[in-house]
Amino acid sequence: MRQNNVYIETYGCQMNVADSEVVMGILKNNGYSITDKPESADVILLNTCSVRDNAEQRIYGRLGNLKKYKDGHPGLVLGILGCMAERLRKDLIEDKKVVDIVIGPDEYRRIPEFIHHAYHGEKGIGVKLSKTETYDDIIPYREDGLSAWISVMRGCDKFCTFCVVPFTRGRERSRSLSSIIEEIKLLSGRGFREVTLLGQNVNSYYDEAGFDFADLLAAAAMVDRKIRVRFTTSHPQDLSDKLLYTIAEHSNLCNYIHLPVQSGSNRILELMNRTYTSEHYLELIDKARKIIPGVSFSTDIISGFPAETLEDHLMTLDVMNKVRYDGAYMFKYSPREGTKAFKMEDDVDEETKSKRLQQIIDLQQRISAEVNQSLVGSNDTVLVEGFSKKSDKYLAGRTDTNKVVVFPAIENVSTGDYVKVKISKSTSATLFGDFIELVDKYSVPGERLTA
Ligand code: SAH
Ligand code: SF4
Ligand code: F3S
């Protein structure tokens, strides 16, 4: 007897995490239950990522062992959601005979229908992309907790030449400001303390009522001064002054910007269709630092893009030295079929790609360690997320600038509290500190935190 239990495994970026919650919301509304145990599931769904070849290889590996599992469990429905569904479509059903349903990011409303048919032995594919779907009216299913991801827009129109996302996620479109604010109110009522607004390029958020991303951030900040608001990802081209001033004005809008640079060479940036130069990028960083004192930055970097020379690579290291990022996500270029860069020759050999990537990683680690060391002796406000990974004698949380801080646990301080901490020690990944006092909540715009 089927219990209509669905298990979802999520790969890729936070957009997929948010989408899985939308999918669970849709399933719950249609009489399905969600399980976190694959062995008790009637339906197993993998929400997949195509961004680099190794992301897809991991999922193929997982499909391989699920195939074995399915052989021993006839009747189990196996589905692929997300970006690989768009990229591989029929292949997944025809070549990998194990998959029953393939559903792309804009067809999740039809999941119950597809599962129903799959129960009767009918395979199904739904991969149409939409210009308008935002799942505005769906309440995502979330466990209680501190932090929530909220998708505020979908798709991407930037067409960076290396990237599959515009093909797997379709055209850019924004949810309405009002529905996002309603969602934050619900989360506030449930005791959430942090929301992260998500989009591939949140700076081009623009809803039908004419609100832009700065308007959305300002409105989000006003819902509950105990809720911190984060956002990701920003494309350097659309980061407006209005946005920077809005972040500076509201103390619960986090002073942290993820601003992928990808490369420090203008020639490579042009081949990537990133639409900015390294000079423009560095000016933007300077401006942001003036408007938002203490703002932290992280970035994404690709090593070994087609035609990248040693000189181009050194320019990337140079930009890293100039910006001094707090953190970075660093990748080897991976050719993706269907993109413009796929037609360029992937001419940087594997060994050189790896060597350059390692130099980038080593440099970033040194910079992160130095930046963190410079914070020793200062005070910061931490949102307590729970005990530290290593010991129940320590609590851990993050600063507004997204740095992990570990400090000795004390009575009266628990998960969800804001505390002022004095930083006493650091590594490249973690700050250590001592408790000073509890902080009540974030103040109204223009004021400092109240103790
Ligand atoms: N929308 C975000 C990025 C989404 S993908 C932005 O524009 O910043 C996350 C990161 O993966 C990208 O910033 C890029 O650094 C990396 N990436 C994307 N496609 C890649 C590829 N083909 N090879 C290697 N890295 C890639
Ligand atoms: Fe991909 Fe560029 Fe869009 Fe980011 S902005 S998702 S890297 S195309
Ligand atoms: Fe991967 Fe798709 Fe996100 S390709 S990074 S899951 S948008």
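These numbers come from a predicted model, not from an experiment. (Residues numbered from 1 in each chain as written. Chains lettered and ligands numbered in written order. Predicted model: local features only at pLDDT ≥ 70, side-chain atom pairs only at ≥ 80, totals over all residues. Heavy atoms only, no water.)

Residues Val-152, Ile-184, Leu-197, Phe-213, Leu-216, Leu-217 and Ile-257 are the most contacted members of the largest nonpolar core, which totals 52 residues. Residues contacting Leu-217, with those up to four places away along its chain left out, are Leu-197, Val-229, Phe-231, Leu-243, Thr-246, Ile-247 and Leu-253. Formed by 22 residues, the second largest nonpolar core is a distinct cluster that contains Val-22, Tyr-32, Ile-103 and Ala-118. (Core = buried A, V, L, I, M, F, W, Y, C linked by side-chain atoms within 4.5 Å. Buried < 20%, exposed > 50% of the residue type's maximum accessible area, 1.4 Å probe, protein only. Contact = heavy atoms within 4.5 Å.)

A few words on empty space enclosed by the protein. Across all of its chains, the model carries 1 cavity of 30 Å³ or more by this definition. Space inside the largest cavity adds up to approximately 100 Å³. Surrounding the largest cavity, 15 residues form its lining, Val-22, Pro-140, Ser-151, Arg-175 and Glu-183 being those nearest its centre. Secondary-structure elements contributing two or more residues to the lining of the largest cavity are helix 1 (14-29) and strand 7 (147-151). Each of domain 1 (5-126) and domain 2 (147-373) contributes no fewer than three residues to the lining of the largest cavity. (1 Å grid on protein atoms, 1.4 Å probe; cavity = no way out; pocket = protein on both sides within 12 Å on 5 of 7 lines; lining within 4 Å. Points joined across faces, edges and corners; volume = space filled by probe spheres on them. Helix = DSSP H or I, 4+ residues; strand = E, 2+ residues; numbered from the N terminus. Domains from an automatic or database assignment.)

Sheets are built from strands paired through backbone hydrogen bonds, the pairs being either parallel or antiparallel. One closed barrel accounts for 5 strands, arranged 15-16-17-19-18; its pairing is mixed. Shown here is a sheet whose adjacent strand axes are inclined to one another by a mean of 50°, direction ignored. Here 5 bridges tie strand 16 (residues 394-399) to strand 17 (residues 404-408), and the two strands are oriented antiparallel to one another. Bridge assignment links Tyr-394 to a residue of strand 17, and that residue is Pro-408. (Pairing = 2+ DSSP bridges. Axes fitted to C-alpha atoms, helices over the stretch in contact; angles between N-to-C directions.)

The next subject is the packing of helix 11 (residues 278-291) against helix 12 (residues 310-323). Relative to each other, helix 11 and helix 12 sit at 10°, their axes nearing to 11 Å. Viewed along their axes, helix 11 and helix 12 adopt a mutual orientation that is roughly parallel. Note that helix 11 runs across helix 12; the crossing there is right-handed. On helix 12, the residues touching Ser-278, Tyr-281, Leu-282, Ile-285 and Arg-289 of helix 11 are Val-319, Lys-322 and Val-323. By residue class, the composition of the contact of helix 11 with helix 12 is 5 nonpolar, 1 polar and 2 charged. (Parallel < 35°, antiparallel > 145°, perpendicular 65-115°, else oblique. Left-handed = near helix turned anticlockwise from the far one by under 90°. Nonpolar A, V, L, I, M, F, W, Y, C, P; charged D, E, K, R; others polar.)

This next bit is on the domain arrangement of the chain. For the chain, the assigned domains are domain 1 (5-126), domain 2 (147-373) and domain 3 (379-439). Centre-to-centre separation of domain 1 and domain 2, based on C-alpha positions: 28 Å. Buried surface at the junction of domain 1 and domain 2, both sides included, amounts to about 1600 Å², of which 54% is carbon and sulfur. The largest contributions to the domain 1 side of the interface with domain 2 come from Gln-14, Met-15 and Arg-52, which together make up 35% of the buried area. Run the count over domain 1 and domain 2 and you get 5 salt bridges. For Arg-154, the salt bridge identified is with Asp-106, shortest N-O distance 3.7 Å. At the level of secondary structure, the elements contributing two or more residues to the side of domain 1 that touches domain 2 comprise helix 1, helix 2 (53-71) and helix 3 (83-88). Looking at the side of domain 1 that touches domain 2, the element that brings in the most residues is helix 1, giving 7 residues. In terms of residue class, the side of domain 1 that touches domain 2 is made up of 7 nonpolar, 3 polar and 8 charged. (Buried area = accessible area lost by both parts, 1.4 Å probe. Salt bridge = Lys/Arg side-chain N within 4 Å of Asp/Glu carboxyl O.)

For strand 10 (residues 194-198), the tally of buried residues reaches 5 of 5 residues, placing the bulk of the element in the interior. Here strand 10 shows a buried face lined by Glu-194, Thr-196 and Leu-198 and a second buried face lined by Val-195 and Leu-197. Direction of pairing for strand 7 relative to strand 10: parallel, over a ladder of 5 bridges. Opposite Ser-147, over in strand 10, you have Glu-194 as the bridge partner. Alignment of strand 10 against strand 11 (residues 228-232), held across 5 bridges, turns out to be parallel. Residue pairing for strand 11: Thr-196 is matched across the bridge by Arg-230. In this view, the connection linking strand 10 to its parallel neighbour strand 11 by way of helix 8 (residues 213-223) has right-handed handedness. (Right-handed = clockwise from strand over helix to strand, strands pointing away.)

Moving on to unusual backbone geometry. With an omega dihedral of 5°, the bond running from Thr-232 to Thr-233 counts as a cis peptide bond. With respect to the helices, strands and loops of the structure, Thr-233 is situated in the loop between strand 11 and helix 9 (241-249). The phi angle at Arg-324 is positive, at roughly 55°, despite the residue not being glycine. Relative to the helices and strands, Arg-324 is located in the loop between helix 12 and strand 14 (327-332).

A few words now on the site of ligand 3. In the vicinity of ligand 3, the contacting residues are Cys-13, Asn-16, Thr-48, Cys-49, Ser-50, Val-51, Cys-83, Val-165, Arg-169 and Gln-200. Here the shell around ligand 3 gathers at least three residues from each of two domains, domain 1 (5-126) and domain 2 (147-373). (Near = heavy atom within 4 Å.)

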